[in-house]
Amino acid sequence: AQSVTQLDSHVSVSEGTPVLLRCNYSSSYSPSLFWYVQHPNKGLQLLLKYTSAATLVKGINGFEAEFKKSETSFHLTKPSAHMSDAAEYFCVVSSLKAAGNKLTFGGGTRVLVKP
Amino acid sequence: DAGITQSPRHKVTETGTPVTLRCHQTENHRYMYWYRQDPGHGLRLIHYSYGVKDTDKGEVSDGYSVSRSKTEDFLLTLESATSSQTSVYFCAISEGTSNEQFFGPGTRLTVL
C-alpha cells in the first residue's frame, strides 16, 4: 500500500520569497516520487521526479525537491517565488508493478503568490 | 506536450443517462489511465489499461467501465450517471519503462 500526505492545503507567499511545500509518503516498495503542477483550468505538468538516483532533484522553473528516506519526506522548494508559480501542486508516489505503475496523489497544495 | 486529447472537454448530462469519455493518444504508449479529480482528493485512479483489451480497476472504479480496442484509444463509460460522478476527468499515458505519466487536458462532467 502507498499513501501521500501534503501537510498544507494552502500556502501564501510574497513574490521573491522562498516557497516550501511539504510532502510525506509511505510505500511498501522502493518508491518513485513526483511533483506535478496544475495551473487553473489546465492539465497536470510534471515538475520533477525522483527515481532512486540523486536524492536532490532539480526540476523545471527553478524548483527542486529532496528525498529523505529516514523522514519519508519529499519536500518541494523554490528560492524565489514568481507570480506565475500561483497554482496547485501535487506530490505523487508510484510503485512500478508488472501490470503498470499506479500513481497515488496527495490532496494538493494551493499556492498563492502576493505581489 | 505529449499527444493526448480528450473529448468532449465539457459535458452536462442528466442523472441516469449513459456517458462515454474518450482519450486519444498519438505516442503509442502502452499504458493508459483514467482519473477523476475532486477538491481535497488530488487525482484518484478509476481504471487503467496495460495493453489492448487489458484493463484493471483502480481505487474508485464503482460505476465506471472502460474499453481499449486500439492502442491509441481508451474509453471511459458511465453506464448510468449519478450526481456523485460530477468531476473533472483526466486521462494519462505512460511508456512503462519509466513511470512518469503524461496527462491530457481534462473533461469537466456535470451530472444534474
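These notes cover the structure that comes with them.

About the cut-offs
- Residues numbered from 1 in each chain as written.
- Chains lettered and ligands numbered in written order.
- Predicted model: local features only at pLDDT ≥ 70, side-chain atom pairs only at ≥ 80, totals over all residues.
- Heavy atoms only, no water.
- Helix = DSSP H or I, 4+ residues; strand = E, 2+ residues; numbered from the N terminus.
- Rg over C-alpha atoms; globule rule 2.2 N^0.38 Å.
- Buried < 20%, exposed > 50% of the residue type's maximum accessible area, 1.4 Å probe, protein only.
- Contact = heavy atoms within 4.5 Å.
- Areas by Shrake-Rupley, 256 points an atom, 1.4 Å probe, with all protein chains shown as cover.
- Lys, Arg positive; Asp, Glu negative; His and termini not counted.
- Charge placed at Lys NZ, Arg CZ, Asp CG, Glu CD.
- Disulfide = S-S within 2.5 Å.
- Buried area = accessible area lost by both parts, 1.4 Å probe.
- Polar contact = N/O pair within 3.5 Å; in protein donor to acceptor, adjacent residues only side chain to side chain.
- Pairing = 2+ DSSP bridges.
- Core = buried A, V, L, I, M, F, W, Y, C linked by side-chain atoms within 4.5 Å.

1. Description of the overall build of chain B
Turning to step 1, where the next piece is worked out: A count of helical and extended segments in chain B gives zero helices and 11 strands.
Turning to step 2, where the next piece is worked out: The helix and strand sequence of chain B, counted from the amino end, reads β-β-β-β-β-β-β-β-β-β-β.
Turning to step 3, where the next piece is worked out: Its C-alpha atoms give chain B a radius of gyration of 13 Å, near enough to 13 Å, the size a compact globule of 112 residues would have.
Turning to step 4, where the next piece is worked out: Projected onto the principal axes, the alpha-carbon positions of chain B cover approximately 40 × 30 × 25 Å.
Turning to step 5, where the next piece is worked out: By the burial criterion, 51% of the 112 residues in chain B qualify as buried.
Turning to step 6, where the next piece is worked out: Counting only contacts in chain B whose residues sit at least 6 apart along the sequence, the fraction spanning at least 24 positions is 55%.

2. Some words on the overall build of chain A
Turning to step 1, where the next piece is worked out: From N to C terminus, chain A includes zero helices and 12 strands.
Turning to step 2, where the next piece is worked out: Ordered by position from N to C terminus, the α and β elements of chain A give β-β-β-β-β-β-β-β-β-β-β-β.
Turning to step 3, where the next piece is worked out: Dimensions of chain A, computed from C-alpha atoms along their principal axes, come out at roughly 45 × 30 × 20 Å.
Turning to step 4, where the next piece is worked out: When each of the 115 residues of chain A is scored for burial, the buried share is 44%.
Turning to step 5, where the next piece is worked out: Here the contacts in chain A between residues at least 6 apart in sequence split such that 56% fall between residues at least 24 apart.
Turning to step 6, where the next piece is worked out: Accessible area of chain A: about 5,600 Å², with a carbon and sulfur share of 53%.
Turning to step 7, where the next piece is worked out: Across chain A, the 11 positively charged side chains and the 7 negatively charged ones have centroids separated by 8 Å.

3. Focus: the state of the cysteines
Residue and element names in this part refer to chain A.
Turning to step 1, where the next piece is worked out: Taken as a whole and judged by the stated rule, the model has two disulfides over all chains.
Turning to step 2, where the next piece is worked out: Paired through a disulfide, cysteine 23 and cysteine 91 show a sulfur-sulfur distance of 1.9 Å. Disulfide cysteine 23-cysteine 91: torsion about the S-S bond near -65°, hence left-handed. With a gap of 68 residues between them, cysteine 23 in strand E4 (residues 23–27) and cysteine 91 in strand E10 (residues 87–95) connect regions that are remote in the sequence.
Turning to step 3, where the next piece is worked out: Assessed through its relative accessible area of 0%, cysteine 23 is described here as buried.

4. Observations regarding the interface of chain B and chain A
Turning to step 1, where the next piece is worked out: Contact with chain B, which involves 23 residues of that partner, is made by 23 residues of chain A.
Turning to step 2, where the next piece is worked out: In this assembly, chain B packs against chain A so that about 1,800 Å² is buried in total across both faces, 50% of it on carbon and sulfur atoms.
Turning to step 3, where the next piece is worked out: At the boundary of chain B with chain A, the tally comes to three residue pairs in polar contact (both at pLDDT 80 or more).
Turning to step 4, where the next piece is worked out: Every element with two or more residues in the side of chain B that touches chain A is listed here: strand E4 (31–37), strand E5 (43–51) and strand E9 (87–94) of chain B.

5. Structural notes on the pairing of strand E12 (residues 109–114) of chain A
Residue and element names in this part refer to chain A.
Turning to step 1, where the next piece is worked out: In E12, alternate side chains face the same way, and those of Thr109, Val111 and Val113 are buried while those of Arg110, Leu112 and Lys114 on the opposite face are not.
Turning to step 2, where the next piece is worked out: As judged from the five bridges shared by strand E2 (residues 10–14) and E12, these two strands associate in the parallel manner. Residue pairing across strands places valine 13 opposite valine 113, the latter belonging to E12.
Turning to step 3, where the next piece is worked out: In the sheet, E10 pairs with E12 via three bridges, with the strands oriented antiparallel. Opposite alanine 87, over in E12, you have valine 111 as the bridge partner.

6. Points about the nonpolar core
Turning to step 1, where the next piece is worked out: If you look at the biggest cluster of nonpolar residues, it comprises 26 residues, and the most contacted ones within it are Leu21, Trp35, Leu47, Leu48, Phe74, Leu76 and Tyr89 of chain A.
Turning to step 2, where the next piece is worked out: Considering each element in turn, this core owes the most residues, four residues, to E10 of chain A.
Turning to step 3, where the next piece is worked out: Every residue in contact with phenylalanine 74 of chain A, bar those within four places of it in the chain, is listed here: Cys23, Leu33, Phe34, Trp35, Leu48, Tyr50, Ala65, Glu66, Phe67 and Cys91 of chain A.
Turning to step 4, where the next piece is worked out: If you look at the next biggest cluster of nonpolar residues, it comprises 19 residues, including Ile4, Met32, Phe74 and Val111 of chain B.

7. Observations concerning the environment of serine 87 of chain B
Residues and elements named next belong to chain B.
Turning to step 1, where the next piece is worked out: Inspection of the secondary structure puts serine 87 in strand E9.
Turning to step 2, where the next piece is worked out: For the pair serine 87 and lysine 11, spaced 76 residues apart in sequence, the C-alpha to C-alpha distance is 10 Å.
Turning to step 3, where the next piece is worked out: For serine 87, the contacting residues outside a window of four places in its chain are Arg36, Gln37, Asp38, Thr107, Arg108 and Leu109.

Read these as layout, nothing more, since geometry by itself doesn't imply function.
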